[in-house]
Amino acid sequence: MILVATILIVEDEVSINELIKRNLQSVGHTCISVFDGRAAIHELAQQEVDLVLLDIMLPEIDGYEVFQQIQGIPTIFLTARSNLSDKVKGLTLGADDYLVKPFEMLELLARVDAVLRRTKKESNNFKLDGIKIDFESRQVFLNEHPVECTPKEFDLLEVLVNNRNIALSRDRLLELAWGYDYVGDTRTVDVHIQKLRKKLDMESRIKTVYKMGYRLEV
């Protein structure tokens, strides 16, 4: 299951908002940033999101009131309030999680992933630029047009997507896409990578990692 989501970040400190956005986008999420409670309610009336990261101390309308108006959307409270009573209040209202500032981005990413696994409907699709991959039907589209991929090209593409932003050696790619018992040459990986780059216009996305292998950058 490819857990990519549309996430609304409601945080009035611009630097924190931007830092959260960059980290979430680095693992493939689509992010929308707003900086006060009223803007959050307006944004949520305009489009669907999978998750809200919601600061409590906000201009215009505070996070608790925002949350009460958007019931039903998975939400993680982000706040500088570390009192147990504040945490209990947030969770009692029905929030999915509560994270106290300052926090490590890796912890935030882990909590986002955990909430999405509990709340997001399974998605067998992955979208990037004009590419759409349907993992259930094993179909690939570029700008809405189907792209013919061989079984191994598709397997390799799936491995790259599941390990996006991670550098993988040629040997590791062989193990994951071809199987541990494959006895062929690692140049097979290079050939298939070149084909994927050409077919899907991914020259700028599938990066060569010098003297190692490849990385899909999203």
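Computed from a prediction, not measured in an experiment: that's the story for all the values here. (Residues numbered from 1 in each chain as written. Predicted model: local features only at pLDDT ≥ 70, side-chain atom pairs only at ≥ 80, totals over all residues. Heavy atoms only, no water.)

Quick notes on the domain arrangement of the chain
So, point 1. Considered domain by domain, the chain is made up of domain 1 (6-120) and domain 2 (125-216).
So, point 2. Just the C-alpha atoms count here: the centres of domain 1 and domain 2 sit 33 Å apart. (Domains from an automatic or database assignment.)

Let's talk about the environment of Leu19
So, point 1. Within the secondary structure, Leu19 sits in helix α1 (residues 14-26).
So, point 2. With a relative accessible area of 34%, Leu19 lands in the partly exposed category.
So, point 3. Between the C-alpha atom of Leu19 and that of Met105, which follows or precedes it by 86 residues, the distance is 8.7 Å. (Helix = DSSP H or I, 4+ residues; strand = E, 2+ residues; numbered from the N terminus. Buried < 20%, exposed > 50% of the residue type's maximum accessible area, 1.4 Å probe, protein only.)

Remarks on the nonpolar core
So, point 1. One finds Ile133, Val140, Leu156, Leu160, Leu173, Leu200 and Ile206 to be the most contacted residues of the largest nonpolar core, which totals 28 residues.
So, point 2. Taken together, the elements giving at least two residues each to this core come down to β6 (125-128), β7 (131-134), β8 (139-142), α6 (151-162), α7 (170-177), α8 (187-200) and β12 (213-216).
So, point 3. The dominant element in this core, judged by the number of residues it contributes, is α6, at 6 residues.
So, point 4. Counting 19 residues, the second largest nonpolar core, distinct from the first, contains Val49, Ile61, Val66 and Phe67. (Core = buried A, V, L, I, M, F, W, Y, C linked by side-chain atoms within 4.5 Å.)

Examining the packing of aromatic side chains
So, point 1. One pass over the full model with this rule turns up 4 aromatic pairs.
So, point 2. A ring pair is formed by Phe77 and Tyr98, whose centres lie 6.4 Å apart and whose planes are at 65°; its orientation type is edge-to-face. Of this pair, Phe77 sits in strand β4 (residues 75-79) while Tyr98 sits in strand β5 (residues 97-100), and the two are 21 residues apart along the sequence. One exposure class covers both Phe77 and Tyr98, and it is buried. (Phe/Tyr/Trp six-rings, centres within 6.5 Å; stacked < 30°, edge-to-face > 60°.)

Points about the UniProt feature "modified residue: 4-aspartylphosphate" (unreviewed entry) in the chain
So, point 1. Here the UniProt feature "modified residue: 4-aspartylphosphate" (unreviewed entry) sits at Asp55.
So, point 2. Among the residues examined, Asp55 registers a relative accessible area of 4% and is labelled buried. (UniProt positions renumbered as here; feature names shortened; annotations may be inferred.)

A few points about the packing of α6 against α7
So, point 1. Remark: α6 packs on α7, axes separated minimally by 9 Å, with the N-to-C direction vectors making an angle of 115°. Between α6 and α7 lies a crossing of right-handed hand. Side by side, α6 and α7 meet where Lys152, Asp155, Leu156, Val159 and Leu160 of the first sit next to Leu173, Leu176 and Ala177 of the second. (Axes fitted to C-alpha atoms, helices over the stretch in contact; angles between N-to-C directions. Left-handed = near helix turned anticlockwise from the far one by under 90°. Contact = heavy atoms within 4.5 Å.)

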